[in-house]
Amino acid sequence: MCYDAKPSTTDSDLLDVNIPITRADVLHQADIMEDAAIAYGFNNLPRTFPSTSASVAAALPINKLADIVRQESAMAGWSEVMPLILCSHDENYAWLQKADDNRAVRLANPKTARVPDRTDVIDTGLVEDHPRESAARGAHAYF
């Protein structure tokens, strides 16, 4: 592991550990503990279950409500639409039969030629998604 460790001069409960420059993978104290556990052997560590739960996480009320609405809407036959923010010029204007008002942001160096613009309306995603959905399921509603 190549660590140089010695007792801390400021606190007797701590160790000062010098990490060699060749160990770029060591970023946090947990990385040092992981190396110590590997050296000792994971199978040699006693297996215990914590007496109390350390988990304090809980879903936010707005997320619970969103999940309930999403599930009920889907069971009622609605399709949830999450449109892409990036789209082509044709998707943003020609497909929606509207004039180019230069409101869309154009990327200087788009990753692909298909998505050089940023859309300013949700309709673009619906127009692109609708033919696929109609072919697959027939008429349907969006939310």
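Residues numbered from 1 in each chain as written. Predicted model: local features only at pLDDT ≥ 70, side-chain atom pairs only at ≥ 80, totals over all residues. Heavy atoms only, no water.

**Q** Lay out the overall build of the protein in plain terms, naming residues and giving numbers.
**A** The helix and strand inventory of the protein stands at 4 helices and 7 strands. Starting at the N terminus and walking to the C terminus, you meet the elements of the protein as β-β-α-α-β-β-α-β-β-α-β. Each of the 143 residues in the protein was classed as buried or not, and the buried ones make up 16%. Within the protein, contacts between residues at least 6 apart in sequence are counted, and of these 46% link residues at least 24 apart. (Helix = DSSP H or I, 4+ residues; strand = E, 2+ residues; numbered from the N terminus. Buried < 20%, exposed > 50% of the residue type's maximum accessible area, 1.4 Å probe, protein only. Contact = heavy atoms within 4.5 Å.)

**Q** Can you break down the pattern of salt bridges residue by residue, with the values?
**A** Summed over all chains, the structure comprises 3 salt bridges. With a shortest N-O distance of 3.0 Å, arginine 23 and aspartate 25 are connected by a salt bridge. The class of aspartate 25 is partly exposed, set by a relative accessible area of 48%. The shortest N-O distance in the salt bridge between arginine 23 and aspartate 35 comes to 2.8 Å. Here arginine 23, found in the loop between β2 (15-18) and α1 (29-40), pairs with aspartate 35, found in helix α1; they are 12 residues apart in sequence, far enough to count as distant. Of the two residues, arginine 23 and aspartate 35, neither departs from the other in class, the shared state being buried. A cluster of three or more residues bridged by salt bridges with shared partners is formed by Arg23, Asp25 and Asp35. (Salt bridge = Lys/Arg side-chain N within 4 Å of Asp/Glu carboxyl O.)

**Q** Quick rundown of helix α2 (residues 61-75)? Include the residues and the values.
**A** With 15 residues, α2 ought to run about 21 Å at 1.5 Å a step, and its terminal C-alpha atoms sit 21 Å apart, in line with that. Directly after α2, the chain includes glycine 77, whose backbone phi takes a positive value near 100 degrees. (Expected span 1.5 Å × (residues − 1).)

**Q** Talk me through α1; I want residue IDs and the actual numbers.
**A** In this model α1 runs 17 Å from its N-terminal to its C-terminal C-alpha over 12 residues, within 8% of the 16 Å that 1.5 Å per residue would give. Regarding α1, the residues found buried are Asp31, Asp35 and Ala37. Down the axis of α1, the sector holding all buried residues measures 160 degrees, keeping them to one side. Facing away from the buried side of α1 by more than 90 degrees, the exposed set consists of Gln29, Ala30, Met33 and Tyr40. Looking one or two places after α1, you find glycine 41, whose phi comes out positive at around 110 degrees. (Arc of directions from axis to C-beta.)

**Q** I'd like a rundown of a nonpolar patch on the surface, residues and numbers included.
**A** Together, Met1, Ile38, Tyr40, Phe42 and Leu45 line one region of the surface with nonpolar side chains, adding up to about 510 Å² of accessible area. Take leucine 45: it is sitting in the loop between α1 and α2. The class for leucine 45 is partly exposed, based on a relative accessible area of 37%. (Patch = residues over 30% accessible without salt bridge, like charges linked within 9 Å, V, L, I, M, F, W, Y side chains within 5 Å. Areas by Shrake-Rupley, 256 points an atom, 1.4 Å probe, with all protein chains shown as cover.)

**Q** Explain the confidence of the model for the protein to me, and be specific about the residues and the numbers.
**A** Averaged over every residue, the pLDDT of the protein is 76; residues scoring 70 or more account for 71%. Of all secondary-structure elements in the protein, the lowest mean pLDDT belongs to strand β7 (residues 141-142), at 52, while strand β1 (residues 4-7) reaches the highest, 92. (pLDDT = per-residue confidence, 0-100.)

**Q** Could you give me a rundown of the environment of threonine 10, with the residues and numbers involved?
**A** One can find threonine 10 in the loop between β1 and β2. Looking at threonine 10, its side chain comes within polar contact range of the side chain of serine 8, at 3.1 Å. (Polar contact = N/O pair within 3.5 Å; in protein donor to acceptor, adjacent residues only side chain to side chain.)

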